[in-house]
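Read off the chains here:
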Amino acid sequence: MNKYPHLSNTASEIAALDKEKRIASLNEPIWISYTRAEKLISIMQDYLQMPKKARMKNLLVIGDSNMGKTSILERFIKQNPPVEYQDEHGMYRTRIPVVMIQAPTIADEKNLYASLLNQFWTSFRPSDTTIKLRHHMYSQMRECDVQMLVIDEMHNLLDTTTIKQRQIMNAIKTLGNELKIPIVAVGINTAATILSNDPQLASRYSVVKLDAWSLDREFLGLLKGFEKRLPLRKPSMLYGKEKAPLLLSICEGNLGNLHTLLVECAKNAIEEGADEITTEIIKQNQWIRPTRKHAPVEIPL
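Just so it is clear, the structure is predicted and the values come from calculations on it, not from any experiment.

Caption draft 1: Examining the overall build of the protein more closely. Check the secondary structure of the protein and you find 13 helices and seven strands. If one aligns the C-alpha atoms of the protein with their principal axes, the spans along those axes are about 60 × 50 × 35 Å. Out of the 301 residues in the protein, the part that is buried amounts to 45%. Per element, the accessible surface of the protein, about 16100 Å² overall, is 51% carbon and sulfur. If the 39 positive side-chain charges of the protein are averaged to one point and the 34 negative ones to another, these points end up 4 Å apart.

Caption draft 2: Summary view of the state of the cysteines. Applying the stated criterion to the full structure yields zero disulfides. Distance from the sulfur of Cys 265, which forms no disulfide, to the nearest cysteine sulfur (Cys 251) is 11 Å.

Caption draft 3: Spatial organisation of the packing of aromatic side chains. In the structure shown here, the tally under the stated rule is three aromatic pairs. A centroid spacing of 5.2 Å and a plane angle of 65 degrees characterise the contact between Tyr 34 and Trp 213, whose relative ring orientation is edge-to-face. Residue Tyr 34 is located in the loop between α2 (19-25) and α3 (35-48), and its partner Trp 213 is located in the loop between β7 (205-210) and α10 (217-229); the two are separated by 179 residues in the primary sequence. Here Tyr 34 and Trp 213 have matching classes, each one buried. Taking 6.3 Å as the distance between ring centres and 50 degrees as the angle between the ring planes, the aromatic pair formed by Trp 213 and Phe 219 counts as tilted. Members of the aromatic cluster, connected to one another through ring pairs, are Trp 31, Tyr 34, Trp 213 and Phe 219. Residue placement shows Arg 95 over the ring face of Tyr 85; its charged tip is 4.3 Å from the ring centre.

Caption draft 4: Representation of the nonpolar core within the structure. Of all hydrophobic cores here, the largest spans 51 residues; its most connected members are Met 44, Ile 72, Leu 222, Leu 258 and Ile 277. The element contributing the most residues to this core is helix α12 (residues 255-272), with nine residues. The contact partners of Ile 72, leaving out residues within four places of it in the chain, are Trp 31, Tyr 34, Ala 37, Leu 40, Ile 41, Met 44 and Leu 210. Counting 38 residues, the second-largest nonpolar core is a separate cluster that includes Ile 101, Phe 120, Leu 175 and Ala 185.

Caption draft 5: Examining the side chain of Asp 152 more closely. Take Asp 152: it is sitting in strand β5 (residues 148-152). A polar side-chain atom of Asp 152 sits 2.8 Å from a polar atom in the side chain of Thr 70. Apart from the residues within four sequence positions on either side, Asp 152 is in contact with Thr 70, Leu 73, Ile 101, Gln 102, Ala 103 and Val 186.

Caption draft 6: How the structure looks around the sheet that holds strand β1 (residues 58-63). One open sheet accounts for five strands, arranged β4-β5-β6-β1-β7; its pairing is parallel. Edge positions in the sheet fall to β4 (98-102) and β7, since each of these pairs with one other strand and no more. Taken over all neighbouring pairs, the strand axes of this sheet differ in orientation by 15 degrees on average, direction set aside. Pairing of β4 with β5 involves five bridges; the strand directions are parallel. Bridge pairing links Val 99 to Leu 149 in β5. Across the sheet, helix α4 (residues 69-79) lies against β1, β4, β5, β6 (183-187) and β7, angled at about 155 degrees from β4, the strand it touches most. Packed on one face of the sheet, helix α5 (residues 109-118) meets β4 and β5 and runs near 130 degrees to β4.

Caption draft 7: Structural context of unusual backbone geometry. Not every positive phi belongs to a glycine, and Asp 145 is a case in point at roughly 50 degrees. Looking at the element boundaries, Asp 145 is found in the loop between α6 (130-143) and β5. Assessed through its relative accessible area of 31%, Asp 145 is described here as partly exposed. A positive phi angle, close to 60 degrees, is found at Asp 275, a residue other than glycine. Structurally, the position occupied by Asp 275 is in the loop between α12 and α13 (279-284). Relative accessible area serves as the criterion here: at 9%, Asp 275 is assigned to the buried category.

Rules of the game
- Residues numbered from 1 in each chain as written.
- Predicted model: local features only at pLDDT ≥ 70, side-chain atom pairs only at ≥ 80, totals over all residues.
- Heavy atoms only, no water.
- Helix = DSSP H or I, 4+ residues; strand = E, 2+ residues; numbered from the N terminus.
- Buried < 20%, exposed > 50% of the residue type's maximum accessible area, 1.4 Å probe, protein only.
- Areas by Shrake-Rupley, 256 points an atom, 1.4 Å probe, with all protein chains shown as cover.
- Lys, Arg positive; Asp, Glu negative; His and termini not counted.
- Charge placed at Lys NZ, Arg CZ, Asp CG, Glu CD.
- Disulfide = S-S within 2.5 Å.
- Phe/Tyr/Trp six-rings, centres within 6.5 Å; stacked < 30°, edge-to-face > 60°.
- Lys NZ or Arg CZ within 6 Å of the ring centre and 35° of its normal.
- Core = buried A, V, L, I, M, F, W, Y, C linked by side-chain atoms within 4.5 Å.
- Contact = heavy atoms within 4.5 Å.
- Polar contact = N/O pair within 3.5 Å; in protein donor to acceptor, adjacent residues only side chain to side chain.
- Pairing = 2+ DSSP bridges.
- Axes fitted to C-alpha atoms, helices over the stretch in contact; angles between N-to-C directions.

Remember that the coordinates give geometry; whether it matters functionally is a separate question.
Here is the structure:
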């Protein structure tokens, strides 16, 4: 029987532990399901299952930093894990449906291929020619029957010349054409600039934007999801008329900052023995400023 009915079963078990273990659990990554994330995962799943053809549809996902983009990607990949199987010769092989890399910080073809090869734990020489690395990369992608390539931090490609941007984007386009797989590119809002520089390239991509949260039913549902996962022994009613607007105001609609804020508040609630996130505790943690301000956070002592 769930001793704390306002919590999920897992959080209820943790809530029964001592203070130190409960606080330690707050540092563990958690997944809170919400509508826009599930819709994006569904879109990517549709792309993954598309029949192969010469010109596959691609996707660009953009949003402010710390809006949960990478967490969604990781959730999607977890739902489509590598699979071991025996081929017709009895040899054990691995099929990798989705490969994810970060866009290289030094944006050129060679670094793109090296980033991909690193995902297969295969040996290669960084000093090899671009042609040799490209051949090795294509061989590995076909060997593992890769069905989708995800490129995170796509905005990294902006830190180079327009000519080099076009070269690496052409390499990515050719990769998709050769293997007949969709490309999912992910980055902050400025990543869309890469596509606007090339109308032909832009026509291959659909765009999904993860906007900041607002005070609506979706946000209240998100708060309910968090409350079920925070191991506090008393209900906090985060979605109430006073707390919800206050939380939104402090995090300014940024999902990552909301998560950080709630973790700090939960730690305070456990340490102080309140065992619920009160309005006073939320106000004590207003020092957690939004990511988009691009300033270091000063922790009060």
